[in-house]
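Each chain is listed here by its residues.
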Amino acid sequence: MTFTLHGIGISGGYAIGRAQLYSHDRLEAPHYVLRPEDIESEVARFDAAIAEARSDCEQLSQNIPEGAPTELAAFLDLHRLILEDSMLAQVPKDLIRSTACNAEWALAQQTEAVLAQFDSIEDAYLRERRQDVKQVADKVLKALLGHPGQVPMKVAEEPTVLVAHDLTPSDMVVFKRSAFAGFITDLGGATSHTAILARSLNISSVLALHNAHSLIQEGDLLIVDGNAGVVIVNPDELILEEYRLRQNQWRLEQQKLKRLKSSPSATLDGIAVELLANIDQPEDVKEAVQENAAGIGLFRSEFLFMNRPDLPSEDEQFEAYRRVVKAMKGKPVVIRTLDIGADKSPDWLHAASVNPALGLRAIRLCLAEPPLFITQIRAILRAGRHGPVRILIPMLASLNELDQALELIASAKAGLERDGLAFNAITPIGGMIEVPAAALAAEWFARKLDFMSIGTNDLIQYTLAIDRTDDTVAHLYDPLHPAVIQLIMHTLKVGQRLDCPVSVCGEMAGDPKLTRLLLGLGLRSFSMHPAHLMAVKQQVMHSHVASLEPMAAKLARAGRPERIQAHLLKING
Ligand code: PEP
Ligand code: MG
């Protein structure tokens, strides 16, 4: 059956591929496609694994040691009952037969569906039984893994689209190494870090689909339209043909954009515009260089701290920063200090905030843990000996925070001197303007900072009181809200007046539909994912700033959303 799901388009372009449902468990289960003649023996292998798990339970019940808790017998009975239930004993066999997948995969898929049902049960006692189902399913999976099946004759070769209920930023870092044609999730907002990382994969993706993971089945054919935020499930041949055409056209346009790589980034009236790259990991610098970025405008250093049980040492950080600096060959590199908390929480961070986006995040956390901050600052200052490095402090809200951060930076310098280590003592220090308080107080921040960078993702989140990771309020996330525009404009004006350079490094900077507006408002430095650099450059090259300025001023005064949209159309016309 064909049906369509609507969400938020994250990365442009189109993907056409088979659905691969994602769960942490399933990652451990091998997945392959069976030959038709192997299907019944795979079903038999599954039955044997169920029998083995059952016999395990029976043996245990017969040999309950003396002094064991009385609940143990009841617990083993319950496990036997679960093993006999058709949800575990039958449905995976149906899946093996209908989708020709191996037994481990069928079991993992069914287990996840059952566990999801448990999650929605209100009765606390019944919900607790989830754990029992999981344990029994693990037992069967172990039995299967202990008796591997036929070596697969043919592993699926078609492009695949990853379908997940939710993905964390750490998951996304892992996916950077996998080859998916596209991916879609039920949860997430347009500027959640998961979405930002998705953009950095540069594959078509749609988030906030709400029910994709429960409605889509393994192996369904999917069209992912990352431009419109639409997913078409099991399209008919006519639709498929239309999207293949669109896909080809999209690829051609991308190819054409590449030709702008060596063109100077300047407007029609000769104003130079700095186009910088955002990176998450040192290896991303390759793409920034390929796309001829003028520098790194935002290195989200926190990803060095994720997906690991410990903290990176000063030397390890220094090497990572130096690698980026060296690769940029004299172009500036802005390293943002640790911005963890909220949706970016490494395993070692145990601080549980009631409301993490408003809690001990970013510079607040660093000020609460000076050794963590000082170690990083030392590494950055040392990397500054190898090229033009700048420090960027995230989530500043009050001037006291800035004063404390500056004191810690001074003490890091004193420590490096004492240790006789080479570093750049005049490393410029900038602050992110991403809390409305900081934007309104930009004047005082600008007087103490060497530069400012507007983080529109958080600025919008905090101005409009919309959790950027929450799909249920994602439709309210509005970069063109008059309050957001006023805050950006104010920060830009303060920067100009006080001679403190301002850039934008939030997702707004990489959206070509907003390039002309931002130019008209006075922005001259944009930092974005490298994949967007050419599309934004194309806009810059076709812009005439002198004519954009009055139009942008009108938009800023418009107030009503429909009038703002009308002005934006004119600006982009
Ligand atoms: C922002 O908030 O706009 C920003 C660039 O930082 P991050 O998205 O990492 O919070
Ligand atoms: Mg931010």
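For the structure itself, consult the block above.
### Quick word on the packing of helix 22 (residues 512-521) against helix 24 (residues 545-558)
Interaxial distance between helix 22 and helix 24 falls to 7 Å at its minimum, and their mutual angle equals 95 degrees. The orientation of helix 22 with respect to helix 24, classified from their angle, is roughly perpendicular. Contacts from Arg516, Leu517, Leu519, Gly520 and Leu521 of helix 22 reach helix 24 at Val545, Leu548, Glu549, Ala552 and Leu555. In terms of residue class, the contact of helix 22 with helix 24 is built from seven nonpolar, one polar and two charged.

### Examining the coordination of the magnesium ion (ligand 2)
Around a metal, the idealised angle for a tetrahedral arrangement of four donor atoms is 109.5 degrees; for an octahedral arrangement of six donor atoms it is 90 or 180 degrees. Protein coordination of the magnesium ion (ligand 2) is provided by Glu434 (OE) and Asp458 (OD), with donor distances spanning 2.1 Å. Taken together, the residues span a long stretch of sequence, with Glu434 in the loop between strand 13 (429-433) and helix 18 (436-440) and Asp458 in helix 20 (residues 456-464) at a distance of 24 residues. Taking relative accessible area as the criterion, Glu434 reaches 2% and is therefore assigned buried.

### Structural notes on the site of ligand 1
Residues in contact with ligand 1 amount to 17 residues; listed here are only the nearest, His193, Arg300, Arg336, Asn457 and Arg468. A distance of 2.8 Å is found between an oxygen atom of ligand 1 and a side-chain nitrogen or oxygen belonging to Arg336. Contact with the protein chains covers 100% of the free accessible surface of ligand 1, which is 280 Å². For the shell around ligand 1, the secondary-structure elements that each account for two or more residues are helix 10 (193-201), strand 10 (296-300) and helix 20.

### Some words on the nonpolar core
Soluble globular proteins tend to pack their nonpolar side chains together in the buried interior. Residues Ile296, Tyr321, Ile393, Leu517 and Phe526 are the most contacted members of the largest nonpolar core, which totals 97 residues. Residue contacts for Tyr321: discarding those within four places in its chain leaves Phe299, Ser301, Leu304, Phe305, Ile335, Gln376, Ala379, Ile380 and Ala383. Grouped together as the second largest cluster of nonpolar side chains are 33 residues, Tyr32, Ile39, Val136 and Ala143 included.

### Quick word on the sheet that holds strand 6 (residues 204-207)
As summarised here, the arrangement of the eight strands in space is 1-8-7-3-4-5-6-2, forming an open sheet in which the pairing is mixed. Both outer strands of the open sheet, strand 1 (3-6) and strand 2 (8-11), are each paired with one neighbouring strand and no more. Here the strands of the sheet are splayed against their neighbours by 30 degrees on average, with no regard to which way each runs. Pairing analysis gives three bridges linking strand 2 to strand 6, with the strands arranged antiparallel. Looking at the pairing, Gly9 lines up with Val206 of strand 6. With respect to the sheet, helix 10 is in contact with strand 2, strand 5 (182-185) and strand 6, its orientation differing from that of strand 2 by roughly 45 degrees. Along the sheet, helix 12 (residues 237-258) contacts strand 3 (14-21), strand 7 (221-225) and strand 8 (230-233); its crossing angle with strand 3, the most-contacted strand, is approximately 120 degrees.

### Overview of the packing of aromatic side chains
Counted by the stated rule, this structure contains three aromatic pairs. Relative to Tyr243, the ring of Tyr14 lies with its centre 5.8 Å away and its plane at 65 degrees, an arrangement referred to as edge-to-face. Highlighted residues: Tyr14 in strand 3 and Tyr243 in helix 12, separated in sequence by 229 residues. For the pair Tyr14 and Tyr243, one class covers both residues: buried. Summarising the aromatic geometry, the rings of Tyr14 and Trp250 are spaced 6.4 Å apart at their centres and angled 90 degrees between planes, so their arrangement reads as edge-to-face. Note that Tyr14 is positioned in strand 3 and Trp250 in helix 12, a separation of 236 residues in sequence. Tyr14 sits in the buried class, given a relative accessible area of 16%. Relative accessible area serves as the criterion here: at 25%, Trp250 is assigned to the partly exposed category.

What counts, and at which threshold
Residues take numbers from 1 onward in each chain, read along the sequence in its written order. Following the order in which they are written, the chains are lettered starting with A and the ligands numbered starting with 1. Selection of residues for local features in this predicted model requires a pLDDT of at least 70, selection of side-chain atom pairs for listing and counting requires 80 or more, and totals for whole chains, interfaces and linings are taken over all residues. Each side-chain value is worked out from all heavy atoms of the structure, with water and hydrogens disregarded. A fitted line through C-alpha atoms represents every axis, and for helices the fit uses only the stretch in contact; the resulting angles, taken between N-to-C directions, go from 0 to 180 degrees. Every helix listed is a DSSP run of H or I at least four residues long, and every strand listed is a run of E at least two residues long, numbered separately from the N terminus. Relative orientations are named as follows: roughly parallel for angles under 35 degrees, roughly antiparallel for angles over 145 degrees, roughly perpendicular for angles from 65 to 115 degrees, and oblique for any other angle. Residue contacts are counted whenever heavy atoms from the two residues lie within 4.5 Å of one another. The residue classification treats Ala, Val, Leu, Ile, Met, Phe, Trp, Tyr, Cys and Pro as nonpolar and Asp, Glu, Lys and Arg as charged. All others, Gly included, are polar. Coordinating N, O and S atoms are those within 2.8 Å of the metal (3.2 Å for Na, K and Ca), and as water is not part of the atoms, a site may appear to have fewer donors than expected. Three labels apply to residues, based on accessible area from a 1.4 Å probe with only protein chains included: buried if under 20% of the type maximum, exposed if over 50%, partly exposed otherwise in between. The criterion for a residue being near a molecule or strand is simple. One of its heavy atoms has to lie within 4 Å of it. We call two N or O atoms a polar contact when they sit within 3.5 Å, provided that within protein one can donate a hydrogen and the other can accept it, with sequence-adjacent residues counted only if both atoms are side-chain atoms. Only the protein chains shown count as covering a residue, and every accessible area follows the Shrake-Rupley method with a 1.4 Å probe. Take the buried Ala, Val, Leu, Ile, Met, Phe, Trp, Tyr and Cys residues and link them wherever side-chain atoms come within 4.5 Å; each set so joined is a nonpolar core. When DSSP finds at least two bridges between two strands, those strands are taken to pair. Planes of paired rings set the category: under 30 degrees apart is stacked, over 60 is edge-to-face and the rest tilted, where pairs are Phe, Tyr or Trp rings (Trp by its six-membered ring) whose centres lie within 6.5 Å.

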